[in-house]
Amino acid sequence: MSSRHGASSRNMPPKIVLYDVRGHSAQPWMPNIWRIRFILNYKRLPYETIWVELQDVDRTLSHINAPPSSTRSDGRPMYTLPVIVDPTRNPYSPLILSNSNTIAEYLEATYPARPVFPPGTRAVQALFVHFIQEVFSKPLLPILVPMSHQLLPGATQSHFRGGHPPATTLVGPQREMAWQAAREQFDFLAAIMDKNTGDGEGDGVVAFADEVTYADFALCSILIWIKRMDAHDGWARVRTWNHGRWSRLLDRCREYMDER
């Protein structure tokens, strides 16, 4: 387990630490972790990444006393990423947080400059992000989850499957049906977001007015997942849908895609 840039020097000011999952390369891909990476970059907060093998998540996070995400049926704590450690306020007692939405709320409250929750949008953004996570992304799971498994290291793949056979990548008519279901969600979301342009407030790309917000980062995190897992087919489709809207959105957020 190591940071891409190594340990921080004792003479350097403390940085926020983001725990992320390692694949075949140290290239981030998990959508819920990308949400936090976007916020850190947007707010221009110094941070570094510690990469963790998936099978080491429980051991690593329990070792640093990270709060568990939930409890298993047998009573044991369950740990998930993302997790951040923020030593910038108190290096001797750093704050450790888990859960994407909890971390997002903390970063906004603690570092209010360059807000990702403009006044009056917090509740609507919560609904938007819930929709992205629980409805919009569901048709993508049978396409992207097997492809994600294949890009994990061998030992991590076995751990992720929990002893079950490898997930089957969709091909032929099944794949086309899955992409059609995904297209319906993209079309629905585009129709909703287009309502912003009718009142002259929006720019036709982002979710609220003309500035990027947490809602846009949640959506761009899904777009990155598609592009990283299925660039030649999946992203080649999505980037042309709805008159290129999703490609324009990803371009709009590109300056906040630092992968340090």
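Residues numbered from 1 in each chain as written. Predicted model: local features only at pLDDT ≥ 70, side-chain atom pairs only at ≥ 80, totals over all residues. Heavy atoms only, no water.

S.K.: What is the right way to read the pairing of strand E6 (residues 83-86) from this model?
M.R.: Working note: regular strand, side chains alternate between the two faces of the sheet. Alternating residues of E6 divide into Val83 and Val85 and Ile84 and Asp86, and every residue in both groups is buried. As defined by bridge partners, strand E2 (residues 16-21) adjoins E6 across three bridges and the pair is classed as antiparallel. Its bridge partner lying in E6, tyrosine 19 is registered against valine 83. Pairing of E6 with strand E7 (residues 95-98) involves four bridges; the strand directions are antiparallel. Following the sheet pairing, aspartate 86 is matched in E7 by leucine 95. (Buried < 20%, exposed > 50% of the residue type's maximum accessible area, 1.4 Å probe, protein only. Helix = DSSP H or I, 4+ residues; strand = E, 2+ residues; numbered from the N terminus. Pairing = 2+ DSSP bridges.)

S.K.: What is the right way to read the packing of helix H1 (residues 31-42) against helix H8 (residues 214-229) from this model?
M.R.: Two quantities define a packed helix pair, namely the angle between the helix axes and the distance between the axes. Remark: H1 packs on H8, axes separated minimally by 8 Å, with the N-to-C direction vectors making an angle of 125 degrees. Classified by the interaxial angle, the pair formed by H1 and H8 is oblique. Between H1 and H8 lies a crossing whose hand is right-handed. Across the interface between the two elements, Pro31, Trp34, Arg35, Phe38, Ile39 and Tyr42 from H1 touch Tyr214, Phe217, Ala218, Cys220, Ser221, Ile222, Ile224, Trp225 and Arg228 from H8. The residue inventory of the contact of H1 with H8, partitioned by class, reads twelve nonpolar, one polar and two charged. (Axes fitted to C-alpha atoms, helices over the stretch in contact; angles between N-to-C directions. Parallel < 35°, antiparallel > 145°, perpendicular 65-115°, else oblique. Left-handed = near helix turned anticlockwise from the far one by under 90°. Contact = heavy atoms within 4.5 Å. Nonpolar A, V, L, I, M, F, W, Y, C, P; charged D, E, K, R; others polar.)

S.K.: How should helix H10 (residues 241-252) be read in this particular structure?
M.R.: Side chains three or four residues apart in an α-helix point the same way, a direct result of the helix having 3.6 residues per turn. Between its first and last C-alpha atoms H10 spans 16 Å; for twelve residues at 1.5 Å apiece the expected length is 16 Å, and the two agree. Turning to H10, its buried residues number three or more, namely Trp241, Asn242, Gly244, Arg245, Trp246, Ser247, Leu249 and Leu250. Next to the buried residues of H10 lie helix H7 (172-193), H8 and helix H9 (231-238). (Expected span 1.5 Å × (residues − 1).)

S.K.: Help me out: how do you make sense of the nonpolar core in this one?
M.R.: Grouped burial of nonpolar side chains is what soluble globular proteins tend to show. Formed by 80 residues in total, the largest nonpolar core has its most connected members in Tyr19, Leu107 and Trp246. Here tryptophan 246 is in contact with Phe186, Leu189, Ala190, Met193, Leu219, Leu223, Trp235, Val238 and Trp241, once residues within four sequence places are set aside. (Core = buried A, V, L, I, M, F, W, Y, C linked by side-chain atoms within 4.5 Å.)

Keep in mind these values describe shape, not function.
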